[in-house]
Amino acid sequence: MKSKFGIKEVVAIGIGTALFVALTEIQIPTPIPNTYLQPRMAIMAFLAAVFGPIVGGLVGLLGHALGDAMFYGSVWWSWVVPEGVVGVVIGLFAAKYAVKEGDFGNTKTIVLFNVMQVIANAAAWILVAPVLDIVVYAEPANKVFIQGVFAFIGNILIIGILGTLLCVGYSKIGAKSSSLSKED
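Everything in this summary refers to the structure shown in the same document. (Residues numbered from 1 in each chain as written. Predicted model: local features only at pLDDT ≥ 70, side-chain atom pairs only at ≥ 80, totals over all residues. Heavy atoms only, no water.)

Focus: the packing of helix H1 (residues 7-22) against helix H2 (residues 40-51)
Here comes step 1: At a minimum axis distance of 9 Å, the contact between H1 and H2 shows a crossing angle of 170°. Taken as axis vectors, H1 and H2 run roughly antiparallel relative to one another. Contact with H1, carried on its side by Lys8, Glu9, Ala12, Gly16, Leu19 and Phe20, involves Arg40, Met41, Ile43, Met44, Leu47 and Phe51 of H2 and no other residues of that element.
Here comes step 2: Residues that form the contact of H1 with H2 fall into these classes: eight nonpolar, one polar and three charged. (Axes fitted to C-alpha atoms, helices over the stretch in contact; angles between N-to-C directions. Helix = DSSP H or I, 4+ residues; strand = E, 2+ residues; numbered from the N terminus. Parallel < 35°, antiparallel > 145°, perpendicular 65-115°, else oblique. Contact = heavy atoms within 4.5 Å. Nonpolar A, V, L, I, M, F, W, Y, C, P; charged D, E, K, R; others polar.)

A word on the environment of Gly73
Here comes step 1: Within the secondary structure, Gly73 is located in the loop between helix H3 (53-72) and helix H4 (77-91).
Here comes step 2: Counting along the chain gives 66 residues from Gly73 to Glu139, while the straight-line C-alpha distance between them is 19 Å.

Quick notes on the packing of aromatic side chains
Here comes step 1: Tallied over the entire structure, the rule returns five aromatic pairs.
Here comes step 2: An angle of 75° between the planes, with centres 5.6 Å apart, marks the rings of Phe46 and Tyr170 as edge-to-face. Here Tyr170 lies in helix H7 (residues 141-172) and Phe46 lies in helix H2, a separation of 124 residues in the sequence.
Here comes step 3: Residue Phe46 is classed as buried on the basis of its relative accessible area of 14%.
Here comes step 4: Judged by its relative accessible area of 25%, Tyr170 is partly exposed.
Here comes step 5: With a centroid separation of 5.5 Å and 85° between ring planes, the pair formed by Tyr97 and Phe113 is classed as edge-to-face. On the criterion of sequence distance, the pair formed by Tyr97 in helix H5 (residues 94-97) and Phe113 in helix H6 (residues 107-137) is long-range, its members being 16 residues apart. (Phe/Tyr/Trp six-rings, centres within 6.5 Å; stacked < 30°, edge-to-face > 60°. Buried < 20%, exposed > 50% of the residue type's maximum accessible area, 1.4 Å probe, protein only.)

Read these as layout, nothing more, since geometry by itself doesn't imply function.
Next up, the structure:
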């Protein structure tokens, strides 16, 4: 994958962050307090798969931070950072997913995308978030590791279903007719 960063990536960050923030309030409760299934993760994963790790990471970081600030009045940084981790890890393999090229949708790319999102979510929610909760906020370990496991499970389901569908749909339809083009 070329390490080109241009106007398309900037636009993707802006639109992705706005969508991420707007979807912050769409929450499906889990049995664990303050832990929800949120479709916004599918948007971030999709953008990471299309545009790479910088876009994925920034959409996760900016979207979560702005969503927390706007809807909850304060930012819970120990959960903002893991969102960025997920976006970066998924985005590292954007060239192999070939979403932009219209080649996403075969078994190999779908499996790779989902293996990477499971690894990314495991690192983010079973390791990074609980450790940051303990170190930064002095939260009880048993509480934050349970929250992390539920966040992990919820996010792999959301990304596995909605994120995969977004990638397949865009690869089959949108990749062939990009509306962004360079003006003369």
